[in-house]
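In case you want the letters, here they are:
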Amino acid sequence: MKEVFQPNLLSSKVAFVTGGGSGINQRIAEQFAEAGAAVAIMGRDRNKAEAAASLIREAGGQAIGLSGDVRNHDQVSAALYETNKEFGRLDIVVAGAAGNFVARATGMSANGFKTVIDIDLLGTFNTAHAAYEYLAKPGGLVLAISAVQSTLPTVTQSHVCAAKAGVDMLIKTLAIEWGQTGIRCVGIAPGPVGDTEGMKRLAPDGKASWDRILGHIPSRRAASQDEIASLALFLASQGGQYINGTIIPIDGGQTAVGSYEFGSMLDDSIKKDHLQAASA
Ligand code: COA
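Residues numbered from 1 in each chain as written. Predicted model: local features only at pLDDT ≥ 70, side-chain atom pairs only at ≥ 80, totals over all residues. Heavy atoms only, no water.

In spatial order, the strands read β3-β2-β1-β4-β5-β6-β7; together these seven strands make up an open sheet with parallel pairing. In this open sheet, the two strands that pair with only one neighbour each are β3 (62–67) and β7 (246–250). Put simply, the sheet's adjacent strands are angled 20° from each other on average, direction ignored. Pairing of strand β6 (residues 184–190) with β7, which is carried by five bridges, proceeds in the parallel orientation. When the sheet's bridge partners are listed, Ile188 is paired in β7 with Ile248. Contacts from helix α3 (residues 73–87) reach β1 (14–18), β2 (38–43), β3 and β4 (92–95) within the one sheet, and its direction differs from that of β3 by about 155°. Sitting on the sheet, helix α5 (residues 158–178) touches β5 (141–145), β6 and β7, and the angle it makes with β6 is about 160°. (Pairing = 2+ DSSP bridges. Helix = DSSP H or I, 4+ residues; strand = E, 2+ residues; numbered from the N terminus. Axes fitted to C-alpha atoms, helices over the stretch in contact; angles between N-to-C directions. Contact = heavy atoms within 4.5 Å.)

Our next topic: the pattern of salt bridges. The tally for this structure, following the rule as stated, stands at 12 salt bridges. With a closest N to O distance of 2.8 Å, Glu30 and Arg27 form a salt bridge. With Glu30 and Arg27 both in helix α1 (residues 23–34) and three residues apart, this pair spans about one turn of that helix. Within the structure, one salt-bridge network assembled from shared partners comprises Arg27, Glu30, Glu34 and Asp226. (Salt bridge = Lys/Arg side-chain N within 4 Å of Asp/Glu carboxyl O.)

Once that is clear, we can look at the packing of aromatic side chains. Applying the stated criterion across every chain, the model contains one aromatic pair. Considering the side-chain rings of Tyr132 and Trp178, the 4.7 Å spacing of their centres and the 55° angle between planes classify their relative orientation as tilted. Highlighted residues: Tyr132 in helix α4 (residues 110–135) and Trp178 in helix α5, separated in sequence by 46 residues. Of the residues examined, Tyr132 reaches a relative accessible area of 30% and is grouped as partly exposed. (Phe/Tyr/Trp six-rings, centres within 6.5 Å; stacked < 30°, edge-to-face > 60°. Buried < 20%, exposed > 50% of the residue type's maximum accessible area, 1.4 Å probe, protein only.)

As a structural note, the neighbourhood of the ligand is formed by 16 residues, with Arg44, Asn100, Ser109, Asn111 and Arg201 the closest of them. Between the ligand and the protein, one listed contact pairs an oxygen atom with a side-chain N or O atom of Arg44 at 2.6 Å. In this structure, an oxygen atom belonging to the ligand sits 2.9 Å away from a side-chain N or O atom of Asn111. Relative to its unbound accessible area of 930 Å², the ligand is 56% covered by the protein chains. Among the secondary structure elements, those contributing two or more residues to the shell around the ligand are α4 and α6 (197–202). Taken together, the residues of the shell around the ligand sort by class into four nonpolar, eight polar and four charged. (Near = heavy atom within 4 Å. Polar contact = N/O pair within 3.5 Å; in protein donor to acceptor, adjacent residues only side chain to side chain. Areas by Shrake-Rupley, 256 points an atom, 1.4 Å probe, with all protein chains shown as cover. Nonpolar A, V, L, I, M, F, W, Y, C, P; charged D, E, K, R; others polar.)

The buried fraction of β2 is high, at six of six residues. Here β2 shows no split at all, with Ala38, Ala40 and Met42 on one side and Val39, Ile41 and Gly43 on the other all buried. Relative to β2, β1 is paired through five bridges, and the arrangement is parallel. Each bridged residue has a counterpart across the sheet, and for Ala15 the counterpart in β2 is Val39. In the classification by handedness, the crossover that spans β1, the intervening α1 and the parallel β2 is right-handed. Across six bridges, the pairing between β2 and β3 is parallel. Bridge pairing links Ile41 to Gly65 in β3. In this view, the connection linking β2 to its parallel neighbour β3 by way of helix α2 (residues 46–58) has right-handed handedness. (Right-handed = clockwise from strand over helix to strand, strands pointing away.)

By themselves, these figures tell us nothing about what the structure is for.
So, in structure tokens, the structure goes:
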């Protein structure tokens, strides 16, 4: 029988992961390294990026930690240059760095809104744009970490919804512009993922918030970081090479259900405001 999956799915590949110092992106970096890739982890906090890289090295993998803010094109370019200098090539970039806080539009300043647009959307553009010169070859991959908010309007998440919808369209457009070079551009849109910084913000009061969120998800559970990373690994591996220009939800069926008033669990006054406005 033909063996479909090889133990070293990404051997001889080099991956660059933004925001790889924690959460989903750290697990993606680890799974890529476990599959044989050399990995560069970039983050605003160099110590965090280096700590994540050293865990990979201790486990026998190849990794370096680099500092850089995805909002700054020059910093991303410099980190990519370092990666190419260290490992001699670059095949995959994961635009994973993201920002989030829970606030209604009236509860954030224009700068608060812009900050998330800058990290998520401009950051994804900067990462893909600065990496183009290294990736433009068969096997090149831009993988963006989007979120279900890109298609589900979500109360308290106007900034994230707008940013992630932009990410999805950016990825699809780049896939068309860059496809003939060999680069693929793909997004992953996770729903809730256990034990992440993002979900700590979205479910601040623990079990009560989680129960409410999971009640809207057909699979009635959150994803594990490993499940998200496994999808990323598949997309980067031989089996994923014809997947291009699309955003793949990994959400336990959440987007099949549609939007719900997520924010109301954090701020019951939202509902009250709507009701008062309707009866006025
Ligand atoms: N409610 C409303 N506005 C908020 C806010 C909140 N909870 N948290 C931050 N902001 C606003 C700030 O007030 C500021 O606006 P102002 O200058 O008009 O006051 C703006 O957002 C930028 O905040 P600042 O702390 O200076 O930005 P930063 O670049 O240091 O941090 C964040 C970016 C706000 C996204 C921060 O939460 C962060 O660093 N997150 C990274 C980790 C993360 O979010 N992970 C989850 C990913 S899903």
